[in-house]
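Observations on the three-dimensional arrangement
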Amino acid sequence: MDFTEEWAANEDGLAREAASLGVLLARMRGVFSPLLFGGRERERLVELARGLPPTLAGFPMWLGFPIDNSPPSVQLDVSVLGGTRSARFFEDANLAAAAGVAPLLRETGAAESPLRRIVGDRALLHCEIAAGRPAVRGIVLYPVRATLAGDGSTSRRQDFSLALRALTSAVGRTLSGAEHRQLERAWLALEAGARVGAIGVFPRHRSRIVRLVLLGFSAAADVAAFLDRVGWPGHVAAVAAVLGRLEQRGALANMTLGVRLDLSAAGAAPTVELQIFSADTIYDHAGWFKDKACWTALIDGLGAESLAIPEKLAELAYWSMAARTLFGRAGVFLLLQRIHHFALAFGEDGGVGRVNAHAFMLMSRPRASGRD
């Protein structure tokens, strides 16, 4: 499903639908599962979205929430494409929410930009409440497919450095030699078939971490070998054991694994997040919108290993396959809800500290042609 031609129309309709993204989400109260998004979490989600433009609902909105026994929480991330109406909101330099976003969006919105060639035309923004107003906690860029594959080539090393400089300079930082070496070490530790999938910074964070998501691992042994090569200070064998048990149950069949690392001049942080994606979707973006049971084996495995609460897993499987028709003030919208990935956070001892599901929601105007 390709929404490129509909983005402008979507943004126009959503701008007429509500005064803010928060108002829009508040009107969609019945969309949110009480089991996955309790009353307080849904209220916080609406609070996070107040002061953000409603047009952001026309691009994937990412929701992260625990499916284990961790304390309830909800994370809101929004996608912004350079050159769109939503991007212009963040390009207003007077907005507190725009910290570092505006120059990046201007650069990625330019068709001939070297940065756009590497990371595409979109950014993901982690949102938080600061001083009573929504603010950007983190900014993430997504390299285009295999642009930053781990082949060690000079051209890709230069592209990696360019992306790092653009992102860090946008938030007023200059990477030290030690910081750059640690980040490059992680990239060089990738083997054939793996790549940098995301690069993020946190302008409001006290530390100077840069977050990398490395994608393309096919087995627990591949993840363990990478963590060893990159010098992760945690208990690698314990992480491999958890993934190994999921493998033995067949839960990782047709899945691809990602590693999220926070890196500084001192190296990798003691916590690491393992991300699990469906290979059907991460290699074929049209797969995100297909109603199929690609997650069934993994959902069953997470429950069998007591890594997640069975009732939450069942509700997630039901909730995330929804395609709803919403009748709004500005017309008819189609709301899609889908699982994007699962994330297992490991502490330095290799124990699982939290298991999150990450889903996305997307509102679009129905196509006039009636195509699916």
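Model, not experiment: these values are computed from the prediction.

Conventions used here
Residues numbered from 1 in each chain as written. Predicted model: local features only at pLDDT ≥ 70, side-chain atom pairs only at ≥ 80, totals over all residues. Heavy atoms only, no water. Helix = DSSP H or I, 4+ residues; strand = E, 2+ residues; numbered from the N terminus. Polar contact = N/O pair within 3.5 Å; in protein donor to acceptor, adjacent residues only side chain to side chain. Contact = heavy atoms within 4.5 Å. Phe/Tyr/Trp six-rings, centres within 6.5 Å; stacked < 30°, edge-to-face > 60°. Buried < 20%, exposed > 50% of the residue type's maximum accessible area, 1.4 Å probe, protein only. Lys NZ or Arg CZ within 6 Å of the ring centre and 35° of its normal. Expected span 1.5 Å × (residues − 1). Core = buried A, V, L, I, M, F, W, Y, C linked by side-chain atoms within 4.5 Å. Axes fitted to C-alpha atoms, helices over the stretch in contact; angles between N-to-C directions. Parallel < 35°, antiparallel > 145°, perpendicular 65-115°, else oblique. Left-handed = near helix turned anticlockwise from the far one by under 90°. Salt bridge = Lys/Arg side-chain N within 4 Å of Asp/Glu carboxyl O.

A few words on the side chain of Arg173. Looking at where Arg173 falls in the secondary structure, it is placed in the loop between helix H7 (154–170) and helix H8 (177–188). Looking at Arg173, its side chain comes within polar contact range of the main-chain oxygen of Ile209, at 3.3 Å. When neighbours within four sequence positions are excluded, Arg173 is seen to be in contact with Thr168, Glu179, Val201, Arg208, Ile209 and Val210.

Moving on, we come to the packing of aromatic side chains. Within this structure, the stated rule accounts for eight aromatic pairs. Relative to Phe65, the ring of Phe37 has its centre 4.8 Å away and its plane inclined at 65 degrees; by these criteria the two rings are edge-to-face. Residue Phe37 is located in the loop between helix H2 (21–27) and helix H3 (39–49), and its partner Phe65 is located in strand E1 (residues 61–66); the two are separated by 28 residues in the primary sequence. The same class applies to Phe37 as to Phe65, namely buried. Taking the centre distance of 5.2 Å and the plane angle of 50 degrees together, the rings of Phe217 and Phe226 count as tilted. The side chain of Arg122 reaches across the aromatic face of Tyr142, ending 4.3 Å from its centre. The ring of Phe333 carries Arg365 above its face, with NZ or CZ at 4.9 Å from the centroid.

Our focus in this paragraph is the environment of Gln158. With respect to the helices and strands, Gln158 occurs in helix H7. For Gln158, a relative accessible area of 52% corresponds to the exposed category. Put simply, Gln158 and Leu148 are 10 residues apart on the chain and 9.7 Å apart in space, counted from C-alpha to C-alpha.

A few words on unusual backbone geometry. Its identity is not glycine, yet Arg145 carries a phi of approximately 40 degrees, on the positive side. Considering the arrangement of structural elements, one finds Arg145 in the loop between strand E4 (133–141) and H7. Overall, Arg145 belongs to the partly exposed group, its relative accessible area being 41%. One non-glycine residue with positive phi stands out, namely Ser306, at about 60 degrees.

Next up on the list: H8. Taking 1.5 Å of rise per residue, the 12 residues of H8 would be expected to cover 16 Å, and the 16 Å separating its terminal C-alpha atoms lies within 8% of that figure. The elements touched by buried residues of H8 are H7, strand E5 (195–201), strand E6 (210–217), helix H9 (220–230), strand E7 (255–264) and strand E8 (267–268).

The next point concerns the nonpolar core. Leu21, Met28, Ile199, Phe226, Leu227, Leu261 and Phe342 are the most contacted members of the largest nonpolar core, which has 107 residues in total. Setting aside residues no more than four positions away along its own chain, Leu227 makes contact with Trp232, Val236, Val239, Val259, Leu261 and Val272. Among the nonpolar cores identified, the runner-up in size contains eight residues, and Trp62, Leu124, Val213 and Phe360 belong to it.

Right, let's talk about the packing of H7 against H8 for a bit. Angle between the axes and distance between the axes are the two parameters that describe a pair of packed helices. Packing of H7 against H8 leaves a shortest axis separation of 11 Å and a crossing angle of 135 degrees. Taken together, the axes of H7 and H8 lie oblique to each other. The hand of the H7/H8 crossing is right-handed. For the pair H7 and H8, the contacting residues are Arg156, Arg157, Phe160, Ser161 and Leu164 in the first and His180, Leu183, Glu184, Trp187 and Leu188 in the second.

By the element assignment, His341 lies in strand E11 (residues 331–346). Of the residues examined, His341 reaches a relative accessible area of 8% and is grouped as buried. In terms of polar contacts, His341 uses its side chain to reach the side chain of His340, at 2.8 Å. Leaving out residues up to four positions away in the same chain, His341 has contacts with Gln275, Ile276, Phe277, Trp295, Asn356, Ala357 and His358.

With that settled, the discussion passes to the pattern of salt bridges. Side chains carrying opposite charge are able to pair once their charged atoms draw close together. Taken as a whole and judged by the stated rule, the model has 15 salt bridges. Salt-bridge contacts for Asp12 lead to Arg85; the nearest nitrogen and oxygen are separated by 3.8 Å. Of this pair, Asp12 sits in helix H1 (residues 7–17) while Arg85 sits in helix H4 (residues 85–90), and the two are 73 residues apart along the sequence. A residue is classified by how much of its surface remains accessible, and Asp12, at 36% relative accessible area, is partly exposed. Across the salt bridge formed by Arg156 and Asp151, the nearest N and O atoms sit 2.6 Å from each other. One network of salt bridges, in which partners are shared, links Asp12, Arg16 and Arg85.

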